[in-house]
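Chain by chain, the residues run as shown.
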Amino acid sequence: MKHRISTLILGTALALAANGSALAQDKTVKVGVLTDNSGLYSDLGGAGSTLAAQMAIEDSGLAAKGWKIDLISADHQNKPDIATTIARQWIDVEKVDILMDVLNSGVALAVNNVVKEKNSIMINTGAATSDLTNAQCSPNTVHWVYDTYMLANSTGQALVKAGADTWFFLTADYAFGAALERDTTAVIVKSGGKVLGTVKHPLNSSDFSSFLLQAQASKAKIVGLANAGGDTTNSIKQASEFGIVAGGQKLAGLLLFITDVHSLGLNVAQGLNFTETFYWDLNDGTRAFSKRFSDRMKNKAQPSMVQAGVYSGLLHYFKSLEAMGGNPHDGIKVVDKMKSLPTDDALFGKGSIRVDGRKIHPAYLFEVKKPSESKGPWDYYKLIGTTPGDQAFRPLSESACPLVERTARRDRAGGFPSASQRD
Amino acid sequence: MQALYAQLLVGLINGSFYALLSLGLAVIFGMLNIINFAHGAVYMMGAFVAFFLLNGIDPPTLGSFFTNIWMTLLNLVQWPFVGWKSLPATQTFHVDIGLNYWWALLLAPVIVGLFGMVLERTMLKWITGLDHLYGLLLTFGMALIIQGVFQNYFGSSGLPYAIPDELKGGMNLGFMFLPIYRGWVVIFSLVVCIGTWYLIERTRLGAYLRAATENPTLVRAFGVNVPRMITLTYGLGVGLAALAGVLSAPINQVRPLMGADLIIVVFAVVVIGGMGSIMGSIITGFALGVIEGLTKYFYPEASNTVVFVLMVLVLLVKPTGLTGRAA
């Protein structure tokens, strides 16, 4: 027994020593893209996210500086149990340093715990739930592209201001739908509107007619779609069939991706208002990236904001690693470094990562063009409003994230200024 | 109360899809003794064929695959004369077909049905007489392959297919707004269901079919080509699924996974109705659509599971299904 304990201590000491000396020059990184490769969200993430990660690795230029970067990807099938199994396997056996994409809110919240437990890193670009940087925030997670608070804040507020003060929700019955409905309801009520009713439908439904009839009967001015992917496209398509819009009600797709608009066609999608943080035709930088991206995509698709986020997030991660001079394989340390550096890339512009892990950048309110206004394939959006980064997301003063409190306490004790004070 | 009537009607519409699909399954099971797990995949193919017939085949999707093969062959032939450098590397390749919904309704079931017959001749034929399990595994594998190929080329979010102009719009029934297209689906599938039932239960051809599955040796002795009858039956079942696919294309997105989402429910319908019973599957198809519609009204969260709960209850009371005969 004694012998075993002394071996253990010796072993630990040796491991620590080896780790310490390796820290400075370890230039190996393993990136894992954990996404939906086969299900209803695979067009907005999936193979495109893996391609975006590949492009980020190439564009980082680290290979030329002697870094060795590996990339693997896996399909979590939108199931939290499968996702956490893969995440554990990746971190423990494959020595993956960073998990990218992780779309689907249920999956993201589950993986969030694994990453925290193992002191790894997740840059989440796909999940919507704002809980990732609020009650469930973690020092190991950065939430990159969008969240339910921001969607509610931007789309919800704009619509209520435009006079649409009564709502009825069609909500996907899982973590994401609940979060989106909750956050949007808060914004509506705050802006003086009212929610007349809500119906929760199972994920991946193909028929929405019953739910749409209930929405129609509610006489609400807006039918809010708190769902995503195939659920949203089917609801929009069937809403037009049941004459929801023709009958005077308006549809609000609270979360709509360019791949959804593409699959709906402009005839059905025209006139929809919604929020995104990336659009391929926004400026020269986004166009240049998107051209390279779509040239390499099998179906020539333009990148969704989730895929753009994978590229942008990974570039910032590499930048931070480079600034550290090596990969310490320590999640919290790297994420802290990422938070301390300003973000800047061609896709999302200048921004920052807040103490709660929230990446800050502007949000854009778009309207889908009429078929006559569209000049060619993928020319779908009209920009109708921009919310600056500091107003788009949940302010730190409203945050329930324990990290914020801790930082604030440190500030009062004379530590570093918190992000909210800097702003 | 008004909303309730509306839900009943909407349920009936979904029920017509269940009925059409479970009818095809029942025909195939009753005649061939195969539990056809590829049924969802051929339903999806029906919708895709309708899409191709209307829009043709585009370069970014299936076209690029054929273009590459075609251009390579062409280059190989021309290369000795013009040299490799001057050959066109890529060329857009678009087969414009432009056949509307009505043609698709007629042609897609035939095309997919023929595809089904090829499958039967090349694969299913070898497992006749074996345990059900072999058929189930084989067809399940085929379904996965077909879905995989479509998903690889077309992604998951689907392609748009518009409602035909003649059936656009809707009627105000007082208690609900009924899209004309949905009304058409109910009527059309009722006609097809009853027609199929009549064909199998009341005509001479149907009598041969039923006899051929009952006692193939005896029927062959009367000079009937039994293997051909079986191939035709499989083709008919697959064609019915493809027909349902075309009918659903304007309502749902044309997606590679549309069949996979539906097929489990349809299997439950067939089990509740009684495996192999044609009238049973038609009636349960419509009835379950209505029950599901009502669940969506009273307790939406359970709408995806209510069919399975019913299945368990029915099997507990009557293991052969509602109209099934004891084996």
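Keep in mind the model is a prediction, meaning the values are calculated, not measured.

K.L.:
What is the right way to look at the side chain of Thr-232 of chain A in this model?
P.N.:
All names here are of chain A. Its place among the elements puts Thr-232 in helix α8 (residues 229-241). Overall, the relative accessible area of 0% leaves Thr-232 in the buried class. In this view, Thr-232 contacts Leu-225, Asn-227, Leu-255 and Leu-256; residues no more than four positions away in its chain are not counted.

K.L.:
I'm lost on the nonpolar core in this one. Help?
P.N.:
Generally speaking, nonpolar side chains in soluble globular proteins are found buried as a group. Core analysis: the biggest nonpolar cluster contains 88 residues, and Phe-48, Tyr-101, Tyr-161, Tyr-181 and Leu-247 of chain B have the highest contact counts within it. Membership of the second largest hydrophobic core comes to 68 residues, among which are Ile-57, Met-297, Leu-314 and Ala-363 of chain A.

K.L.:
What am I meant to see in the confidence of the model for chain B here?
P.N.:
In low-pLDDT regions, the fine details of the predicted coordinates are not to be read closely. Residues and elements named next belong to chain B. For chain B, the mean per-residue pLDDT works out to 85, and 87% of the residues sit at or above 70. Mean pLDDT across the elements of chain B ranges from a minimum in helix α3 (residues 59-82), with 63, to a maximum in helix α4 (residues 101-122), with 95. Interface confidence for the predicted complex, given as ipTM, is 0.79, next to a pTM of 0.82.

K.L.:
Explanation requested: helix α13 (residues 331-340) of chain A in the structure shown.
P.N.:
Along an α-helix, residues three or four positions apart point the same way, because every turn accommodates 3.6 residues. Residue and element names in this part refer to chain A. The complete set of buried residues in α13 reads Gly-331, Val-334, Val-335, Met-338 and Lys-339. The arc that holds every buried residue of α13, seen down its axis, measures 140 degrees, which confines them to one face. Two to three positions downstream of the cap, the backbone nitrogen of Ile-332 sits 3.3 Å from a side-chain oxygen, assigning the N-cap of α13 to Asp-330.

K.L.:
What's the story with the packing of helix α5 (residues 148-161) of chain A against helix α6 (residues 175-190) of chain A in this structure? I'm lost.
P.N.:
Packed helices, taken two at a time, are described by their axes: the angle between them and the distance between them. Residue and element names in this part refer to chain A. In contact at an axis separation of 8 Å, α5 and α6 are set at 40 degrees when each is read in the N-to-C sense. Classified by the interaxial angle, the pair formed by α5 and α6 is oblique. In this structure, α5 meets α6 at a crossing whose hand is right-handed. Contact residues: α5 offers Thr-148, Tyr-149, Leu-151, Ala-152, Asn-153, Gly-156, Gln-157 and Val-160, while α6 offers Phe-176, Ala-179, Leu-180, Asp-183, Thr-184, Val-187 and Ile-188. Along the lines of polarity and charge, the residues of the contact of α5 with α6 split into 9 nonpolar, 5 polar and 1 charged.

K.L.:
Quick question: what am I supposed to make of the pattern of salt bridges here?
P.N.:
All names here are of chain A. Here the structure, examined in full by the defined rule, presents 27 salt bridges over all chains. Asp-147 is the salt-bridge partner of Arg-358, the closest N and O atoms lying 3.0 Å from each other. With Arg-358 in the loop between β12 (349-353) and β13 (359-360) and Asp-147 in the loop between β5 (141-143) and α5, this pair connects stretches of sequence that are 211 residues apart. The residue Lys-200 makes a salt bridge to Glu-181 at a minimum N-O spacing of 3.7 Å. Taken as a pair, Lys-200 in strand β7 (residues 194-201) and Glu-181 in helix α6 lie far apart in primary sequence, 19 residues in all. On the accessibility criterion, Lys-200 (25% relative accessible area) is partly exposed. Classification of Glu-181 as buried rests on a relative accessible area of 13%. Salt bridges linked by common partners bring Arg-88, Asp-92, Glu-117 and Lys-118 together as one network.

K.L.:
How do you make sense of empty space enclosed by the protein when you look at a structure like this?
P.N.:
The rolling of a water-molecule-sized probe over the atoms marks out the regions of remaining empty space. Residues and elements named next belong to chain A. One pass over the full model with this rule turns up 4 cavities of 30 Å³ or more. In this structure, the largest cavity spans a volume of roughly 90 Å³. Every residue lining the largest cavity is counted, 14 residues in all, and those nearest its centre are Tyr-41, Asn-104, Gly-126, Tyr-146 and Ala-228. Classifying every residue of the lining of the largest cavity gives 11 nonpolar, 3 polar and no charged.

K.L.:
What is the right way to read the sheet that holds strand β3 (residues 98-101) of chain A from this model?
P.N.:
The strands making up a sheet are joined through hydrogen bonds of the backbone, oriented either antiparallel or parallel. Residue and element names in this part refer to chain A. With parallel pairing, 5 strands are arranged side by side in an open sheet as β2-β1-β3-β4-β5. On the outer flanks of this sheet lie β2 (68-75) and β5, each paired with one strand and no other. Here the strands of the sheet are splayed against their neighbours by 20 degrees on average, with no regard to which way each runs. By the bridge criterion, 3 bridges tie strand β4 (residues 121-124) to β5 in an arrangement that is parallel. Bridge pairing links Met-122 to Thr-141 in β5. Its contacts with the sheet put helix α3 (residues 80-94) on β1 (28-35), β2 and β3, and the angle it makes with β2 is roughly 155 degrees. Strands in contact with helix α12 (residues 305-324) are β1, β2, β3 and β4; relative to β3, the strand with the most contacts, it is inclined by about 155 degrees.

K.L.:
What is the right way to look at the confidence of the model for chain A in this model?
P.N.:
Confidence in the prediction for chain A averages 89 pLDDT; 90% of positions are at 70 or higher. Scored below 50 in pLDDT, residues 415-423 of chain A makes 12 contacts in the model with residues more than four places away or belonging to other chains.

K.L.:
For this particular structure, what's the right way to read the environment of Val-271 of chain B?
P.N.:
Residue and element names in this part refer to chain B. Take Val-271: it is sitting in helix α10 (residues 258-273). Owing to a relative accessible area of 22%, Val-271 belongs among the partly exposed residues under this scheme. Separated by 161 residues in the primary sequence, Val-271 and Val-110 place their C-alpha atoms 27 Å from one another. When neighbours within four sequence positions are excluded, Val-271 is seen to be in contact with Met-311, Leu-315 and Gly-321.

K.L.:
I keep staring at the pairing of strand β10 (residues 273-276) of chain A and nothing clicks. Help me out?
P.N.:
Every regular strand shows the same layout, with side chains that alternate between the two sheet faces. Residues and elements named next belong to chain A. Neither face of β10 is open: one carries Asn-273 and Thr-275, the other Phe-274 and Glu-276, and all of them are buried. Alignment of β10 against strand β14 (residues 363-368), held across 4 bridges, turns out to be antiparallel. Of the residues in β14, the one forming a bridge with Thr-275 is Leu-365.

What counts and what doesn't
- Residues numbered from 1 in each chain as written.
- Chains lettered and ligands numbered in written order.
- Predicted model: local features only at pLDDT ≥ 70, side-chain atom pairs only at ≥ 80, totals over all residues.
- Heavy atoms only, no water.
- Helix = DSSP H or I, 4+ residues; strand = E, 2+ residues; numbered from the N terminus.
- Buried < 20%, exposed > 50% of the residue type's maximum accessible area, 1.4 Å probe, protein only.
- Contact = heavy atoms within 4.5 Å.
- Core = buried A, V, L, I, M, F, W, Y, C linked by side-chain atoms within 4.5 Å.
- pLDDT = per-residue confidence, 0-100.
- Arc of directions from axis to C-beta.
- Polar contact = N/O pair within 3.5 Å; in protein donor to acceptor, adjacent residues only side chain to side chain.
- Axes fitted to C-alpha atoms, helices over the stretch in contact; angles between N-to-C directions.
- Parallel < 35°, antiparallel > 145°, perpendicular 65-115°, else oblique.
- Left-handed = near helix turned anticlockwise from the far one by under 90°.
- Nonpolar A, V, L, I, M, F, W, Y, C, P; charged D, E, K, R; others polar.
- Salt bridge = Lys/Arg side-chain N within 4 Å of Asp/Glu carboxyl O.
- 1 Å grid on protein atoms, 1.4 Å probe; cavity = no way out; pocket = protein on both sides within 12 Å on 5 of 7 lines; lining within 4 Å.
- Points joined across faces, edges and corners; volume = space filled by probe spheres on them.
- Pairing = 2+ DSSP bridges.

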